[in-house]
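# Report on the structure
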Amino acid sequence: MSRKEVVAMLLAGGEGKRLSNLTKSVAKPAVPFGGKYRIIDFTLSNCANSGIDTVGVLTQYEPLLLNSYLGVGAPWDLDRKCGGLKILPPYVQKQQGGRWYKGTANAIYENICFIEQYEPDYVLVISGDHIYNMDYSKMLEEHEKNKADGTISVIQVPCQEASRFGIMNTDDHNRIIDFQEKPEQPKNNLASMGVYVFNWSLLKRYLKEDEKTATSSNDFGKDIIPMMLRENCSLYAYQFEGYWKDVGTVESLWEANLDLLDDDSALNLKNSNWRLKSVNPNMPPQYVGKEAKVSRSMVNDGCIINGSIDHSVLFYGVEVDVGASIKDSVIMPHAKIGRNVKIERSIIGEGAIIPDGVTIGQHDGPIELIDQTSTYKNDIPLFVNERR
Amino acid sequence: MKNNVLGIINVTQENHELHALTARRCHASLPYGGRYRIIDFILSSMVHSKIRNIAIFTPPNYRSLFDHLGSGKDWDLEYKQEGLFIFPKNSTFDNRDDFSVLNQHIDYLEKSRQEYVLISFGSLVMNIDFQPVIKQHIQSGADVTVVYKEKEVHDVSFTDITMDDFQNITSFNETDSPYGSLDIFVMKKDKFIESIKTNANKYRSLLDVLKNCDLTCNIKGYEYDGYVQKINSIQDYYRYNMELLDPYFLNEWLLKPNEIYTKLKDEPPAKYSASSEVKNAIIANGCVVEGNVENSILFRGVHVKKGATVKNSIVMQKSQIGENAELDGAIIDKEVVIFPYEHIEGTPNNPKVVTKQKIVGEQII
C-alpha cells in the first residue's frame, strides 16, 4: 500500500433530528439539496477538487440510501486503485460486541487501522452535513507553514448568532488560545466549521488517551480540542471566506436552497474549475410548456413545467400541471404537482403527489414540509408511496 | 440473461448534405435533442437488448465520437471482457467502403464468442428493442433478417424492399415499394465473416451483397412499427429536433421501451432569472436563461443573456447568445458566441446554420 500525505475522514453518521421527517429514512448527508445534489456532494467534491484521493466515510444512521449513493465513489473520481472512497460503518469487534460510534472522536479512534495503512502525515476530519466549496489544500499549506499540531477552519458569523457555534479565540498570529463550545457570552465571532487538520501521530495519541477517559463524550469539539489546548498543543485557526452553511433545520435547508437563486450567490455551482460532482441519473432534458412561466428558479433534467414557477428549486423529474403556481419553494425529485395547486414557502418531499386544487403554505407562514405523513384538510393524503 | 449476439454499428459512411454540422465531427456524434448524440439511440437500444459486446466502426474524424463514448461506462458497457470497441477508419483508406473497413478488423469478429451478429449500417434515431428481432431470426431459420418499416411520405432515403406473403424479401431494388430497409441486419457471425472475406473486393456493402445474392439465400423481413428518424440533411436535422417539442417524444419515446443513455456530465440545474420568458422549449442542465426562449431547444450549458430572443431555433452546447440578440429559425452549433444586437434568421426549410465556435458580430464597446 503506497503512502498518502493526507487521509480525509468524513463524518456522515448524522441523524439530523431537526430536519424532521426529511431524515426519517435517510442520513442527513444524503438529504437532497440544490435541485440535483445531496448534501454530502459538497464535501466529497471538495476532497476531489483539493486533490485528496483517500476518503473514509463514517456512516451509522440510516446508511442504506447513503451507501448506495456513494457506491465505489466513481461520481467524485474517488474510485482509485490505491486509496479512494471507503465506507466505514461501526463494526462488531472480537469479544467486545458491537455498538455505534460513541462520538466523532470515537468514530476516528475505531478506524485507526484504516488510517494507519496509508501512513499519512495529516488527517483531515470533515463533516458531511455542510454546504460549502472549500479548497482543503490551502488549509493544509497554512497548517504546514505554521508548523501546527492542528488547524481548525473558522468562519466569521454574525455576533448575535455566535452562541450557536463553537467559538475560537485567537492571538495575533491566529493561534488558538481558547475554545468555547456554544458560549452564552461569546468573546468573538470566529466559529468552528467542523473542519480539522491534525498531525496524525499526535492525533492518534490523543484519541487513545480520550478513549481511556470513561467520562469523555468522545467528541472533537467537547473533548479532543479542549484537551489539546490544555496540554499546550499548537492549534491554529484557518479563516475561510465564502459561503458555508449547516443545514440543520427545515428552515435553514429551505433557505440554503433559495440562496442559490441569488444572482450574486456566494455559492457558485457553475465554476468549471471547481465542479460540484454528484451521481447523475440519466433523464431527458426539461420541458417548459406553452402556458408555463419560469423565473428566478433552478430546474433540473426530467422536469415538465406547465404551471408557473417563481423563486423555487425543482429537483429531477418534477411535473407541474397547468394552472399550478409554485413560489419560494423547494420541490424534491419526482413530485407531481396537480392542476391549480398553489404552493408557497414549502418543501415538498420526494415523490409527493399533490392533488388538483390544493393550497400549501402561506406568504407569511412558517416553512411547510410535505412528507409521507402529510394530509390536506385532515383527510386528503398528499403522498402516495410510489417511488420510481 | 446475456444473449448470444455481437453488435456492430458501422457509421463510416459520411453524408455531405450535413457538412455545415459535420465538418468537425462525424454524423454519429451530431448533438441531438438537448443532450444526446445520434449514436446514443442505436447504442442504448443494443445495450437494452442485452448485447454487451459492441463494435463501432467510425470515419476518420472520430475525435468527438471518442470523446463522447469514453470507456462506454455511461452506456453500462465497461466490462473486463468485451464491452465497447471502437475501430476508427484509417484516413489513408478514405474512399474504401464498408467491407474493407470490416475486413481490416476481421480478427475482432473472429475472436468474439457470440454466434450471431446484429449490424446497423448508419445510425438511425430510434428506440427499438432488438430482442424480438433476434428471436424471430433464430426461430425462422432465415439466413439474414432485415429490419424494415412501412414508409411514410418523407421517408425517401430508405432502401426499398419487396416481400412475398411470408415476409421473405424478394428484392432490394424495387422503387415505389411501401417498405423501406432500416439497414439493420441479423445473421450468423460465421456467415457474416465469410461474406466479408469473399466479397470485400467485389461489393461495397452488405446491402450490395444481398441485392446480388442468389435465391438460395433466405432473407426475411422484420417489421419495426415504432418511430424512427433518418437525418440526412440540415432540414431533416432541424425538423426532427423540433418534433421533440411534442411532449410525447420527450417523455414517452426517450424513456420507452428503455431510456436512451448518453454521456453524463456534472452540470448544475438550469437557472432562470427574473427576466426570463420561456414557452414551449427543451432546456438542458447547465443553461442560464435570462432572455426569451420560444419553440426552441437549448443544449447543455447555453447562456441566453438579458433581452435576447431565441425563437424556433436549436442552440448547441455552451453557446452564448448576447444581450438583445435575436435568433429565429437558426441552428447554432457548439461554443458559438453571438454578440449583442445581432440578428440571425432562417426558415424551417432553410435554417440558418452558424458553425462550431464561430464568433458572430463585434463587441460594442
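Chain B is annotated in an unreviewed UniProt entry as Glucose-1-phosphate adenylyltransferase from Aquibacillus albus. UniProt, in the comment section headed Sequence similarities (unreviewed entry), describes chain B in these words: "Belongs to the bacterial/plant glucose-1-phosphate adenylyltransferase family."

As recorded in an unreviewed UniProt entry, chain A goes by the name Glucose-1-phosphate adenylyltransferase, listed as coming from Aquibacillus albus. The record held by UniProt for chain A lists under Pathway (unreviewed entry) the comment "Glycan biosynthesis; glycogen biosynthesis." The UniProt entry for chain A carries the following comment under Catalytic activity (unreviewed entry): "alpha-D-glucose 1-phosphate + ATP + H(+) = ADP-alpha-D-glucose + diphosphate".

### So, the overall build of chain B
The number of helices and strands found in chain B is 10 helices and 27 strands. For chain B, whose C-alpha radius of gyration is 22 Å, the value lies close to the compact-globule estimate of 21 Å for 365 residues. Taken across its 365 residues, chain B has 58% of its residues classed as buried. Relative to all contacts within chain B whose residues are 6 or more apart in sequence, the contacts with residues 24 or more apart total 57%. Of note, chain B has its 41 positive side-chain charges centred 7 Å away from the centre of its 49 negative side-chain charges.

### Here's the deal with the packing of aromatic side chains
Applying the stated rule across the entire model yields 19 aromatic pairs over all chains. With centroids separated by 5.4 Å and ring planes inclined at 25°, the aromatic side chains of Tyr196(A) and Phe220(A) adopt a geometry described as stacked. Of the two residues, Tyr196(A) sits in strand S11 (residues 190-199) while Phe220(A) sits in helix H7 (residues 220-230), which places them 24 residues apart along the sequence. Measuring from ring centre to ring centre gives 5.3 Å for Tyr32(B) and Phe41(B), while their planes differ by 90°; the resulting arrangement is edge-to-face. One residue, Arg38(A), lies across the ring of Tyr69(A), its end atom 5.3 Å from the ring centre. Its guanidinium or amino end placed over the ring of Tyr79(B), Arg52(B) lies 3.9 Å from that ring's centre, counting from NZ or CZ.

### Concerning unusual backbone geometry
Residues and elements named next belong to chain B. Phi is positive for Glu82, which is not a glycine, with a value near 60°. For Glu82, the location among the structural elements is in the loop between helix H3 (63-69) and strand S5 (83-88). At Asp183, a position not held by glycine, the phi torsion is positive, near 55°. As for its placement among the helices and strands, Asp183 is situated in strand S11 (residues 179-188).

### A few points about the pattern of salt bridges
By the definition in use, this model includes 26 salt bridges over all chains. Between Lys204(A) and Glu116(A) there is a salt bridge whose closest N-O contact spans 3.0 Å. Note that Lys204(A) is positioned in helix H6 (residues 200-212) and Glu116(A) in helix H4 (residues 112-116), a separation of 88 residues in sequence. For the salt bridge of Glu243(B) with Arg239(B), the shortest nitrogen-to-oxygen distance reads 3.9 Å. You can see Glu243(B) and its partner Arg239(B) sitting in helix H9 (residues 234-243), four residues apart, about one turn around the helix. Salt bridges sharing common partners tie together Lys28(A), Asp129(A) and Asp246(A).

### Quick notes on the nonpolar core
Leu44(A) and Leu253(A) are the most contacted members of the largest nonpolar core, which totals 69 residues. The element contributing the most residues to this core is helix H8 (residues 250-259) of chain A, with five residues. Leave out the neighbours within four places in its chain, and Leu253(A) touches Leu19(A), Leu22(A), Val31(A), Pro32(A), Phe33(A), Ile39(A), Val247(A), Met332(A) and Ile347(A). Core analysis: the next-biggest nonpolar cluster, separate from the first, contains 50 residues, Val288(A), Ile309(A), Ile338(B) and Val360(B) among them.

### Examining the sheet that holds strand S21 (residues 320-321) of chain B
In a beta sheet, neighbouring strands are held together by backbone hydrogen bonds and run either parallel or antiparallel to one another. On the basis of which strands lie adjacent, the open sheet formed by 11 strands has the order S28(A)-S25(A)-S22(A)-S19(A)-S16(A)-S14(B)-S16(B)-S18(B)-S21(B)-S24(B)-S27(B) and mixed pairing. Each edge of the open sheet is held by one strand with a lone partner, namely strand S28 (368-370) of chain A together with strand S27 (359-360) of chain B. Against the sheet, H8(A) touches strand S19 (313-314), strand S22 (330-331), strand S25 (346-348) and S28 of chain A, its axis set at about 90° to S25(A).

### Here we look at the sheet that holds strand S15 (residues 293-295) of chain A
Residues and elements named next belong to chain A. In space, the five strands of this open sheet follow the order S15-S18-S21-S24-S27, with parallel pairing throughout. The two strands at the open ends of the sheet, each matched to only one other strand, are S15 and strand S27 (359-360). Looking at chain direction, strand S24 (residues 342-344) and S27 are connected through two bridges and run parallel. By the bridge assignment, Ile343 is partnered in S27 with Ile360.

### Some details on the pairing of strand S9 (residues 166-170) of chain A
Residues and elements named next belong to chain A. Of all the five residues making up S9, four are buried; the element is thus mostly covered by neighbouring parts of the structure. Where S9 and strand S10 (residues 176-181) come together, five bridges link them in antiparallel fashion. Across the sheet, residue Gly166 finds its bridge partner in S10, namely Glu181. Counting the residues that bridge the hairpin from S9 to S10 gives five residues, and of these Asn174 lies at a positive phi of roughly 70°.

### Let's talk about the interface of chain B and chain A
Taken together, the contacts link 39 residues of chain B with 37 residues of chain A. A buried area of about 3,000 Å², summed over both sides, lies between chain B and chain A, and 49% of it is on carbon and sulfur atoms. The largest share of the area that chain B buries against chain A comes from Asp266(B), Pro269(B) and Tyr272(B), three residues that together contribute 22% of it. Among the salt bridges present, the one from Asp301(A) reaches Arg35(B), with a minimum N-O distance of 3.8 Å. At the boundary of chain B with chain A, the tally comes to 27 residue pairs in polar contact (both at pLDDT 80 or more). Elements represented by at least two residues in the side of chain B that touches chain A include exactly helix H10 (247-253), strand S14 (270-272) and strand S15 (277-283) of chain B. The leading source of residues in the side of chain B that touches chain A is S15(B), at seven residues. Of the residues in the side of chain B that touches chain A, the class split is 20 nonpolar, 10 polar and nine charged.

### Describing the environment of Val247(A)
One can find Val247(A) in the loop between strand S13 (244-246) and H8. Sequence separation of Val247(A) and Lys28(A) is 219 residues, and the distance between their C-alpha atoms is 9.1 Å.

### Observations regarding helix H1 (residues 40-49) of chain A
Residues and elements named next belong to chain A. The buried count for H1 comes to eight of 10 residues, which makes it a mostly enclosed element. All of the buried residues in H1 are Ile40, Asp41, Phe42, Thr43, Leu44, Ser45, Asn46 and Cys47. Immediately downstream of H1, the backbone of Gly51 shows phi near 80°, a positive value.

### Some thoughts on the state of the cysteines
In this structure the tally under the stated criterion is zero disulfides over all chains. Cys47(A) takes part in no disulfide bond, and the closest cysteine sulfur to it belongs to Cys82(A), at a distance of 16 Å.

### Thoughts on the packing of H6(A) against H7(A)
Residues and elements named next belong to chain A. Direction vectors running N to C along H6 and H7 enclose 115°, while the axes themselves pass 11 Å from each other. In the packing of H6 onto H7, the handedness of the crossing is right-handed. Residues Leu202, Leu203, Tyr206, Leu207, Glu209 and Asp210 of H6 form the contact with H7, whose participating residues are Phe220, Asp223, Ile224, Met227 and Met228. Looking at the contact of H6 with H7 residue by residue, the classes come out as eight nonpolar, no polar and three charged.

Reading guide: rules and limits
Residues numbered from 1 in each chain as written. Chains lettered and ligands numbered in written order. Predicted model: local features only at pLDDT ≥ 70, side-chain atom pairs only at ≥ 80, totals over all residues. Heavy atoms only, no water. UniProt positions renumbered as here; feature names shortened; annotations may be inferred. Helix = DSSP H or I, 4+ residues; strand = E, 2+ residues; numbered from the N terminus. Rg over C-alpha atoms; globule rule 2.2 N^0.38 Å. Buried < 20%, exposed > 50% of the residue type's maximum accessible area, 1.4 Å probe, protein only. Contact = heavy atoms within 4.5 Å. Lys, Arg positive; Asp, Glu negative; His and termini not counted. Charge placed at Lys NZ, Arg CZ, Asp CG, Glu CD. Phe/Tyr/Trp six-rings, centres within 6.5 Å; stacked < 30°, edge-to-face > 60°. Lys NZ or Arg CZ within 6 Å of the ring centre and 35° of its normal. Salt bridge = Lys/Arg side-chain N within 4 Å of Asp/Glu carboxyl O. Core = buried A, V, L, I, M, F, W, Y, C linked by side-chain atoms within 4.5 Å. Pairing = 2+ DSSP bridges. Axes fitted to C-alpha atoms, helices over the stretch in contact; angles between N-to-C directions. Buried area = accessible area lost by both parts, 1.4 Å probe. Polar contact = N/O pair within 3.5 Å; in protein donor to acceptor, adjacent residues only side chain to side chain. Nonpolar A, V, L, I, M, F, W, Y, C, P; charged D, E, K, R; others polar. Disulfide = S-S within 2.5 Å. Left-handed = near helix turned anticlockwise from the far one by under 90°.

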